[in-house]
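# Topology and contacts: notes
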Amino acid sequence: MAEAARTAETATVPVPARSRVGRQVRVPKTAELVAAHLRRQIVRGELKPGDALPPESGLMEQFGISRPTLREAFRVLESESLITVRRGAHGGARVSAPDSDVAARFAGLILEYRGATLGDIYRAAALIEPPCARQLATKHTADDIKRLRDAVAAEKAVLDDPLALVDAQDAFHALLVELTGNQTLILLCGMLRNIIDRANASYTAGAADAEAQKTQALKGHRAHVRMVGLIESGKADEAEKLWQRHISSADDVVNAAGPKTVLELLD
């Protein structure tokens, strides 16, 4: 790795003669190679969350690089939330777990740039979440039901707090997908729920009709309570249809607010 880092910026990459015209081959910067090496170690579990990376002097010697190059590699990994760096005498870099919130932030930025609406996100969720409800009704454990009941109890405890209720109800949606055990669905739905959560919090804080907002929240809570009963009873068809109607209903209410439903997620 050290040898590759030392020679990366001066390496010549051969290109077949017939494809040389009009093509350029970009050689990765040394900092990118170092970041890639550390990223692989983190993703493969060779470096675990909370682990401290070796001191800068040790990493510079290991990779055969300068301090500015190492710090550029650190900035890349920090932007991906794979490490946190503290400056100063007692500072250093520590490993962080890969976070789906990072993917959600980038996805939200792209969607906002494209003029996507909150309705777009709800309709995507309506394609993914209802089959998860069906799967969970078909196959679940007693612990799954307990966790779902705990989640609706957490909602009930904050019915008079709109912002806390947004968090609690989004947590129920996330749990419904999490209990399927499908890591791909968990990541995709986590990204969607993260965007919905941020957009809903903004919408809730700015909503003028508090009574209508509370009515909708109570309706959503009742749907969640009923969903737990359908899952526990193994009623897969009814569970899927209820969740489809529930998400579509929330989409209708938010879109009725007008132009505020265009995503505005940037701080």
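Look above for the structure.
Described in the following lines is the structure provided in the data block. This one's a predicted model, so the numbers in the text were calculated from it and none came from an experiment.

### Describing the pattern of salt bridges
- By the definition in use, this model includes 13 salt bridges.
- Among the ionic pairs, glutamate 56 bridges to arginine 67, the shortest N-O distance being 2.8 Å. Residue glutamate 56 is located in helix α3 (residues 56-63), and its partner arginine 67 is located in helix α4 (residues 67-79); the two are separated by 11 residues in the primary sequence.
- Exposure remark for arginine 67: the relative accessible area of 36% places this residue in the partly exposed category.
- Between arginine 193 and aspartate 170 there is a salt bridge, with its nearest N and O atoms 2.7 Å apart. Here arginine 193, found in helix α9 (residues 183-206), pairs with aspartate 170, found in helix α8 (residues 162-178); they are 23 residues apart in sequence, far enough to count as distant. Aspartate 170 shares its class with arginine 193; the two are buried.
- Through salt bridges with shared partners, a single network forms among Glu56, Arg67 and Arg71.

### Structural notes on the packing of helix α6 (residues 118-138) against α8
- Interhelical geometry of α6 versus α8 gives an angle of 60 degrees and a closest axis separation of 8 Å. Between α6 and α8, the interaxial angle falls into the category oblique. The two elements α6 and α8 meet at a crossing, and its hand is left-handed. Contact residues: Glu129, Cys132, Ala133 and Leu136 in α6; His173, Leu176 and Val177 in α8.
- For the contact of α6 with α8, the residue count by class is 5 nonpolar, 1 polar and 1 charged.

### Comments concerning the pairing of strand β2 (residues 92-95)
- Only one face of β2 is covered, namely the face carrying Ala93 and Val95; the face carrying Gly92 and Arg94 is uncovered.
- Bridge count for strand β1 (residues 83-86) against β2 is 4 bridges, and the pairing is antiparallel. Its bridge partner being in β2, arginine 86 is matched across the sheet by glycine 92.

### Looking at the packing of aromatic side chains
- Within the structure shown, the criterion is met by 1 aromatic pair.
- With a centroid separation of 5.8 Å and 50 degrees between ring planes, the pair formed by phenylalanine 172 and tryptophan 243 is classed as tilted. Of this pair, phenylalanine 172 sits in helix α8 while tryptophan 243 sits in helix α11 (residues 236-255); the two residues are 71 residues apart in sequence, bridging distant segments of the chain.
- When its relative accessible area of 0% is taken as the criterion, phenylalanine 172 is described as buried.

### Section: the nonpolar core
- Judged by nonpolar contacts, the single largest core of 32 residues is most densely connected at Leu148, Phe172, Leu176, Met227, Ile231 and Trp243.
- Those elements that place two or more of their residues in this core are α5 (100-113), α6, α7 (142-156), α8, α9, α10 (210-233) and α11.
- With 8 residues, the single largest contributor to this core is α6.
- Leave out the neighbours within four places in its chain, and leucine 148 touches Leu136, Phe172, Leu175, Leu176, Leu179, Val228 and Ile231.
- Val34, Leu38, Ala73 and Leu82 belong to the second-largest nonpolar core, a separate cluster that totals 20 residues.

### Observations concerning α6
- Over its 21 residues, α6 runs 30 Å from end to end, which matches the ideal 30 Å to within 8%, given 1.5 Å per residue.
- The largest bend in α6 comes to about 30 degrees, at alanine 126, with the proline proline 130 one to four residues further on.
- Every buried residue belonging to α6 is among Leu118, Gly119, Ile121, Tyr122, Ala125, Ala126, Glu129, Pro130, Cys132, Ala133, Leu136 and Ala137, and all of these are buried.

Each value, and the rule that gives it
- Residues numbered from 1 in each chain as written.
- Predicted model: local features only at pLDDT ≥ 70, side-chain atom pairs only at ≥ 80, totals over all residues.
- Heavy atoms only, no water.
- Salt bridge = Lys/Arg side-chain N within 4 Å of Asp/Glu carboxyl O.
- Helix = DSSP H or I, 4+ residues; strand = E, 2+ residues; numbered from the N terminus.
- Buried < 20%, exposed > 50% of the residue type's maximum accessible area, 1.4 Å probe, protein only.
- Axes fitted to C-alpha atoms, helices over the stretch in contact; angles between N-to-C directions.
- Parallel < 35°, antiparallel > 145°, perpendicular 65-115°, else oblique.
- Left-handed = near helix turned anticlockwise from the far one by under 90°.
- Contact = heavy atoms within 4.5 Å.
- Nonpolar A, V, L, I, M, F, W, Y, C, P; charged D, E, K, R; others polar.
- Pairing = 2+ DSSP bridges.
- Phe/Tyr/Trp six-rings, centres within 6.5 Å; stacked < 30°, edge-to-face > 60°.
- Core = buried A, V, L, I, M, F, W, Y, C linked by side-chain atoms within 4.5 Å.
- Expected span 1.5 Å × (residues − 1).
- Bend = angle between axes of the 7 residues up to and from the residue.

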